[in-house]
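A look at the structure
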Amino acid sequence: MPQEMTSSVAGLQSFLDDVASTQRSQQQHDWFQIDVAAMFSSTPIMAHELNRETGAALLFLNESLVLLCPEQTILHHFPRHLIHCFVEDCRAQELGDQDIVYRIELFSISPLEEQLCWVVKSTSEHEIPHLQAQVARWMGWLNRS
């Protein structure tokens, strides 16, 4: 099997394995395992993220990003040059116990109904190194040539 095909299969399988470990409806699992798998069977997936609460997923491709929304069975595709990263560090502010101390976001400049808004936030300072590592991965993907 050529190296490109191997990496394509490995990225897709890693993503599908993560999806399989979540608590989603059978219909949503089927959408990922059948429809999404078919659409990305020959597209290398460099990395992925999964929102375990909503089931939404991001697929990082070579030159673009895909947002998968299983509840609506919608796929959104965004060219890399339309994606932006935002980091908000609130630790210097006076905060309560449940206030957000760190917030990261990937977003797009796109038509209103097609915008990307992937937000990860934390109320615990202990999670900040993990979020900073996540931003580093995002920035690495956004700035690669």
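Residues numbered from 1 in each chain as written. Predicted model: local features only at pLDDT ≥ 70, side-chain atom pairs only at ≥ 80, totals over all residues. Heavy atoms only, no water.

**Let's talk about the sheet that holds strand 5 (residues 83–89)**
What counts here: Here a strand pair is declared whenever DSSP counts at least two bridges between the two strands. Labels follow the DSSP assignment, with helices taken as runs of H or I lasting at least four residues and strands as runs of E lasting at least two, numbered in each case from the N terminus. Here an axis means a line fitted to C-alpha atoms, over the contact stretch when the element is a helix, while the angle between two N-to-C directions is reported on a 0 to 180 degree scale.
If you trace the three strands from one edge of the open sheet to the other, you get 5-6-7, paired in antiparallel fashion. The open sheet has two edge strands with one neighbour each: strand 5 and strand 7 (117–122). When the angles between neighbouring strand axes are averaged without regard to direction, this sheet yields 10 degrees. Bridge count between strand 6 (residues 102–108) and strand 7: six bridges; the pairing is antiparallel. For R103, the partnering residue across the bridge sits in strand 7 and is K121.

**A look at the nonpolar core**
Going by this rule: Nonpolar core, defined: a set of buried Ala, Val, Leu, Ile, Met, Phe, Trp, Tyr and Cys residues in which side-chain atoms within 4.5 Å join the residues together. Throughout, exposure labels follow a simple rule: accessible area from a 1.4 Å probe, protein chains only, divided by the maximum for the residue type, with under 20% read as buried, over 50% as exposed, and the rest as partly exposed. The criterion used for residue contact is that any of the two residues' heavy atoms lie within 4.5 Å.
With 20 residues, the main nonpolar core has L58, L65, L67, I83, L106, L116 and W118 as its most contacted residues. Listed by contribution, the elements that provide at least two residues to this core are strand 2 (57–60), strand 3 (64–69), strand 6 and helix 3 (128–143). Take this core: its biggest share by element is six residues, from helix 3. Beyond its immediate stretch of four places on either side in the chain, L67 contacts A56, A57, L58, I74, L75, H76, F78, L116 and W118.

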